[in-house]
Amino acid sequence: LLLPSVNPSELYAEVTKASVVAEELLEDLDDEELDMLFSEGLDCLQICLELSPHSQSFGREVMPTSEEDETFEDNIAHFATKNDYMRERKAYHARAVYRMSFDFLQRFVRTIEVILKDQLQSLHFQQPLTAMWYCSSASKQRILDTVPLSSVDVKTKAFIQMCREVHYESLLIRRLSRFSIIPDAHQKWAQRNLPDGLHRPFQVFLANDALKMQQLLVVSLFLGIALGAHVGWNLVVLKGEGDEESRVGWSSPISGIISEVLGGLHFAVTLLWVALTACIKVPLYVQAHQKRKGYYKAWALGVAAFVSAPHELWRCILLTCCGVALFTDQKWLYSFLPADCFCQSSALATVLRGIISPARSWLMTFFGMVLVTFVYAAVGFHCFQAEFGAYCDENIVICTLNILYQGSRSGVIGLSSMMEQVTPSDARWGPRIAYDVSYFIVFGVMLLNAVVALVVDSFSNLRRDAEMRAESLQTETFMSGVERKAIDSAALAAGISNGFDYHENKLQNKWDYMSFIFHLQEKSEEDYTGPETDIWKLLEDDDVTWLPLGKSKILQGEYADTDVLDRIHHKMDGVEHELRRMAAQRKTLFRTLNSMGRAFMEKATIIDQEARALIRALNESSMRPNMQAFISDMSRYQPVEPALTRVSLTSSVLESRGVGIRDSRRSSALASDSTDNQTVPIGRGGWPNL
């Protein structure tokens, strides 16, 4: 199957079968084993992802064809001949195998934008397995719900810190998921032959994003509602016979059996959820305290922190109520279990949070109400003790407690129900009006409406915070803090639709940055690349300057021209053409120089021959004094060129060769030419001085 000549259809069938097995085997691999098996493929994929955004032609060549763009239909009736069908079928299977391989490896490679040396760069890295399979969606949602959004710098610092905490939680989940009751020597056999539920107890509940644990909560809720309804209908007062006192019990023996079964299931499900959550959360709390405290004290603080956490505390309360009702006769405690709806229903949880969040203001308001009541009780104890009767006949504190209790029992808040009635004709009419009405206005109107205002204001703040958080996530990029309008405008100019979604999911995906933090924390520092080393140092210093704050490649216009590589290739072709042209010119120049050299050598040879002939002629005519005779002798050796030019060139050649002609300084007389009456200087030996 690895040979290039393999039939694509056969390869497609085998790869389809092997992909299922590969998914199961990947779960037991660590990052080093994964890198050892797929390092070459991951490197090639990183190169493809690095270059494909810059060239459409390159992207079409290396990126797989999506299934939506496939036009092949596996029906021989749509083809003219069987050979055409088989050819297209093989091509389709070849594309499918490439697509499966590409998708299989692409899950391990992620790309983020970072700032290195004041430049925005794309950084590719291998996504760790903890980020792929062991980081729960609940942890991600908790980050989105709690990360501060006041500024980009504060948000990114808090996000990085939360990612580190989630990373340790993911490592614990991974360790628990791989825990097996089978010895290490036989774990491979158990993995191949036994279901995970038989030898990996935690894997059953933590797999698929802890789906089973979420189902445990749902089952616990329905069991609690069923128990509450069952107690409401079947827990009755049993009247005693004779001298026996009435007691509370089940209406029938079957009702008691049903309550025991439902209560036992609820107790077991809740206890299992608390135990699994404790295995994950307690080590996190212990790690937070272990740096400053001792080992045992850290564990004690970790358990205390786990029990005091709101969600876990509520589960422990429900577990306690169910356990007490199950193992004692206090069956009425089952009626508390349906209150779990406030925890598992988002709407009811918002209501509960709106009531609890102003707890401090509530306490201070109630304290103010007690103070006001105490003052009015003191006035009543001194001035209107007779009207209060038994309510204020002991001391001011008892009077205060009676006013708070009796005053809140009546439908109308006030003191009138506790004091004797008076009429306008009574002398106490005026003081009683001032006393009763003022208490109603202060206590019944102002203070109680202040409580209502606190609740309304709390709900308004919660709604406003939720709207602001949702608006911030929808109108501003999470990592860089750039407005959505700017991203959409730049993407539209680059020809990219849905620019904001493309930016948040592809270019600067926040969960890819979380995966990169996981990658740095799990990778050995000795194996860091150059950029990873620089970023790790910044992370240790709590420096977020490596993040693209306020920057994005899509804003810099790097995606406006999607054919950057084509443009580079075009420039390289132009440079290559220019180099070839210059090489051709150089060859032409060399040929011209060679031709000129040969011509010069030929000319030099001719001149040399003529000079030698001239020397011979001079030697032969050395005794002839007559210029006419000299010229007559020279005429036999003249070439086609003019005589004067030839003579001057010959003189130069002779001088360069050391053959000198007698100069005028050695001439002794002037000879006169009898033919043309012209005088010429006569040198030594009767020769004219040239």
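Cut-offs applied
- Residues numbered from 1 in each chain as written.
- Predicted model: local features only at pLDDT ≥ 70, side-chain atom pairs only at ≥ 80, totals over all residues.
- Heavy atoms only, no water.
- UniProt positions renumbered as here; feature names shortened; annotations may be inferred.
- Disulfide = S-S within 2.5 Å.
- Salt bridge = Lys/Arg side-chain N within 4 Å of Asp/Glu carboxyl O.
- Helix = DSSP H or I, 4+ residues; strand = E, 2+ residues; numbered from the N terminus.
- Buried < 20%, exposed > 50% of the residue type's maximum accessible area, 1.4 Å probe, protein only.
- Expected span 1.5 Å × (residues − 1).
- Bend = angle between axes of the 7 residues up to and from the residue.
- Axes fitted to C-alpha atoms, helices over the stretch in contact; angles between N-to-C directions.
- Parallel < 35°, antiparallel > 145°, perpendicular 65-115°, else oblique.
- Left-handed = near helix turned anticlockwise from the far one by under 90°.
- Contact = heavy atoms within 4.5 Å.
- Core = buried A, V, L, I, M, F, W, Y, C linked by side-chain atoms within 4.5 Å.
- 1 Å grid on protein atoms, 1.4 Å probe; cavity = no way out; pocket = protein on both sides within 12 Å on 5 of 7 lines; lining within 4 Å.
- Points joined across faces, edges and corners; volume = space filled by probe spheres on them.
- Nonpolar A, V, L, I, M, F, W, Y, C, P; charged D, E, K, R; others polar.
- Phe/Tyr/Trp six-rings, centres within 6.5 Å; stacked < 30°, edge-to-face > 60°.
- Lys NZ or Arg CZ within 6 Å of the ring centre and 35° of its normal.

The name that an unreviewed UniProt entry assigns to the protein is Ion transport domain-containing protein, with the source organism given as Alexandrium monilatum. According to UniProt, the comment filed for the protein under the heading Subcellular location (unreviewed entry) is "Membrane".

Trainee: Would you mind showing me how to read the state of the cysteines here?
Mentor: By definition, a disulfide links two cysteine residues through a covalent bond between their sulfur atoms. Under the counting rule described, the total for this entry stands at 1 disulfide. Cysteine Cys44 remains unbridged, with the sulfur of Cys48 as its closest cysteine sulfur at 6.8 Å.

Trainee: Mind showing me how you'd approach the pattern of salt bridges here?
Mentor: Pairing between side chains of opposite charge can happen when the charged atoms of each approach one another. Evaluated as defined, the whole model comprises 19 salt bridges. Close ionic contact of Lys331 with Glu260 constitutes a salt bridge, the shortest N to O distance being 3.0 Å. In this pair, Lys331 is assigned in the loop between helix 13 (310-327) and helix 14 (341-344) and Glu260 in helix 11 (residues 253-290), connecting sequence segments 71 residues apart. The exposure class assigned to Lys331 is buried, which follows from its relative accessible area of 10%. When its relative accessible area of 34% is taken as the criterion, Glu260 is described as partly exposed.

Trainee: Looking at this structure, I do not really get helix 10 (residues 201-234). What am I missing?
Mentor: Turn by turn, an α-helix covers 3.6 residues, leaving residues three or four places apart pointing in a common direction. Compared with the 50 Å implied by 1.5 Å per residue over 34 residues, the 38 Å span of helix 10 between its first and last C-alpha is markedly short. Taking the largest bend as the criterion, helix 10 deviates by roughly 120°, centred on Asp209.

Trainee: Mind showing me how you'd approach the UniProt feature "transmembrane region" (unreviewed entry) in the protein here?
Mentor: Feature annotation in UniProt places "transmembrane region" (unreviewed entry) on residues 216-237, 257-286, 298-326, 362-381 and 437-459, given in this structure's numbering. As a span, residues 257-286 carries 100% helix and 0% strand, and end to end its C-alpha atoms are 42 Å apart. Here residues 362-381 runs as 100% helix and 0% strand, with 28 Å between its end C-alpha atoms.

Trainee: Before we go on, may I ask you to explain the packing of helix 15 (residues 346-356) against helix 19 (residues 429-475) in this structure?
Mentor: Relative orientation and spacing of two packed helices are given, respectively, by the angle between their axes and the distance between those axes. One way to put it is that helix 15 packs onto helix 19 with a least axis distance of 8 Å and a crossing angle of 125°. The orientation of helix 15 with respect to helix 19, classified from their angle, is oblique. Our pair here, helix 15 against helix 19, has a crossing hand that is right-handed. For the pair formed by helix 15 and helix 19, the contact residues are Thr350, Val351, Arg353, Gly354 and Ile355 on the first element and Ser458, Phe459 and Leu462 on the second.

Trainee: Sorry if this is basic, but what is going on with the nonpolar core here?
Mentor: One recurring pattern in soluble globular proteins: nonpolar side chains tend to sit buried together. The biggest cluster of nonpolar side chains holds 32 residues, and the ones touching the most others in it are Phe159, Met514, Phe516, Ile535 and Trp546. Those elements giving two or more residues to this core turn out to be strand 1 (109-116), strand 2 (119-126), helix 6 (137-146), helix 7 (152-178), helix 22 (510-522) and helix 23 (530-540). Per element, the largest residue contribution to this core is 7 residues, and it comes from helix 22. Beyond its immediate chain neighbours, meaning those up to four positions away, Phe159 contacts Ile143, Val147, Phe478, Met479, Lys510, Trp511, Tyr513 and Met514.

Trainee: Is there a simple way to think about the environment of Ala304 in this case?
Mentor: Among the structural elements, Ala304 can be located in helix 12 (residues 295-308). On the basis of relative accessible area, Ala304 is assigned to the partly exposed category, the value being 41%. Taking C-alpha positions, Ala304 is 10.0 Å from Val286, a pair spaced 18 residues apart along the chain.

Trainee: Looking at this structure, I do not really get the packing of helix 6 against helix 22. What am I missing?
Mentor: Close contact between helix 6 and helix 22 brings their axes to 12 Å; oriented N to C, the two are set at 115°. Taken together, the axes of helix 6 and helix 22 are roughly perpendicular relative to one another. Judged by the twist between their axes, the crossing of helix 6 over helix 22 is right-handed. Facing Lys140, Ile143 and Leu144 of helix 6, the residues of helix 22 in contact are Lys510, Trp511 and Met514.

Trainee: Would you mind showing me how to read the layout of surface pockets here?
Mentor: Empty space left among the atoms is revealed by rolling a probe the size of a water molecule over them. Counted as a void, the second largest pocket has a volume near 800 Å³. If you trace the second largest pocket, you find 26 residues lining it, with Leu49, Pro53, Tyr502, Lys506 and Leu507 closest to the centre. Taken together, the elements giving at least two residues each to the lining of the second largest pocket come down to helix 2 (31-51), strand 1, strand 2 and helix 21 (499-507). For the lining of the second largest pocket, the element with the most residues is strand 1, which contributes 5 residues. Considered class by class, the residues forming the lining of the second largest pocket number 10 nonpolar, 10 polar and 6 charged.

Trainee: Would you take a moment to explain the packing of aromatic side chains for this structure?
Mentor: When we look at a pair of aromatic rings, we describe it by the centre distance and by the angle of the planes. Tallied over the entire structure, the rule returns 21 aromatic pairs. Taking 6.0 Å as the distance between ring centres and 40° as the angle between the ring planes, the aromatic pair formed by Phe72 and Phe79 counts as tilted. Between Phe72 and Tyr85 the ring centres are 6.4 Å apart and the planes differ by 25°, which places this aromatic pair in the stacked class. Here Tyr85 lies in helix 4 (residues 82-106) and Phe72 lies in the loop between helix 3 (56-62) and helix 4, a separation of 13 residues in the sequence. A relative accessible area of 15% means that Phe72 is categorised as buried. Relative accessible area serves as the criterion here: at 12%, Tyr85 is assigned to the buried category. Just above the ring of Phe478 sits the side chain of Lys155; from NZ or CZ to the centre is 5.0 Å. The ring of Trp273 is capped by Arg315, whose NZ or CZ atom sits 5.8 Å from the centre of that ring.

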